[in-house]
Amino acid sequence: QVQLVESGGGLVQPGGSLRLSCAASGKIFSFDGMGWYRQAPGKQRKLVAHITSGGRRNFADSVKGRFTISRDNDKNTVYLQMNSLKPEDTAVYYCNAARVIGGTIVDYWGQGTQVTVSS
């Protein structure tokens, strides 16, 4: 059973930075991709950043130039560095890992970590 544990959320002022971590119970290189999603109250969960097993990255337009995603295979951890945070970045952030098994995408999710950007 895959377990993903997020950490690093909290309250930060606009313009500040946070780094989220997602520690996986398995080897992260075994996943076809890993990413971060966020869900604000009353809104759908949306992709924030994604990194493939080959290292290709993509980001939501709203965070390009401010957020970066990286991973440490030795620590089985994926990070989301968030800079220049805005109030609209406030949401619960979820770590996701995905495997393609027999042509089907199997998703795994963490429990989420709250990020609040407010003065």
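Residues numbered from 1 in each chain as written. Predicted model: local features only at pLDDT ≥ 70, side-chain atom pairs only at ≥ 80, totals over all residues. Heavy atoms only, no water.

Draft legend 1. Geometry of the packing of aromatic side chains. Per the stated rule, a full pass over the model turns up 2 aromatic pairs. Between Y37 and W109 the ring centres are 5.0 Å apart and the planes differ by 70 degrees, which places this aromatic pair in the edge-to-face class. On the criterion of sequence distance, the pair formed by Y37 in strand β4 (residues 33–39) and W109 in strand β10 (residues 104–109) is long-range, its members being 72 residues apart. Take W109: its relative accessible area is 36%, and that puts it in the partly exposed class. The ring of Y94 carries the charged tip of R45 above its face, separated from the ring centre by 3.6 Å. If you follow R45 out to its NZ or CZ, it ends over the ring of W109, 4.7 Å from the centre. (Phe/Tyr/Trp six-rings, centres within 6.5 Å; stacked < 30°, edge-to-face > 60°. Helix = DSSP H or I, 4+ residues; strand = E, 2+ residues; numbered from the N terminus. Buried < 20%, exposed > 50% of the residue type's maximum accessible area, 1.4 Å probe, protein only. Lys NZ or Arg CZ within 6 Å of the ring centre and 35° of its normal.)

Draft legend 2. Seen up close, the pairing of β4. Most of β4 sits inside the fold, with 5 of its 7 residues counted as buried. Pairing between β4 and strand β5 (residues 46–52): 6 bridges, direction antiparallel. Residue pairing across strands places G35 opposite H50, the latter belonging to β5. Linking β4 to β5, which pair antiparallel, is a turn of 6 residues; within it G42 sits at a positive phi near 75 degrees. (Pairing = 2+ DSSP bridges.)

Draft legend 3. Up close: the side chain of D89. Among the secondary structure elements, D89 is positioned in the loop between β8 (77–82) and β9 (91–101). Among the polar contacts listed, one links the side chain of D89 to the side chain of R66, at a separation of 2.8 Å. Once residues lying within four places of it in the same chain are set aside, the contact partners of D89 are R38, R66, F67, S84, V115 and V117. (Polar contact = N/O pair within 3.5 Å; in protein donor to acceptor, adjacent residues only side chain to side chain. Contact = heavy atoms within 4.5 Å.)

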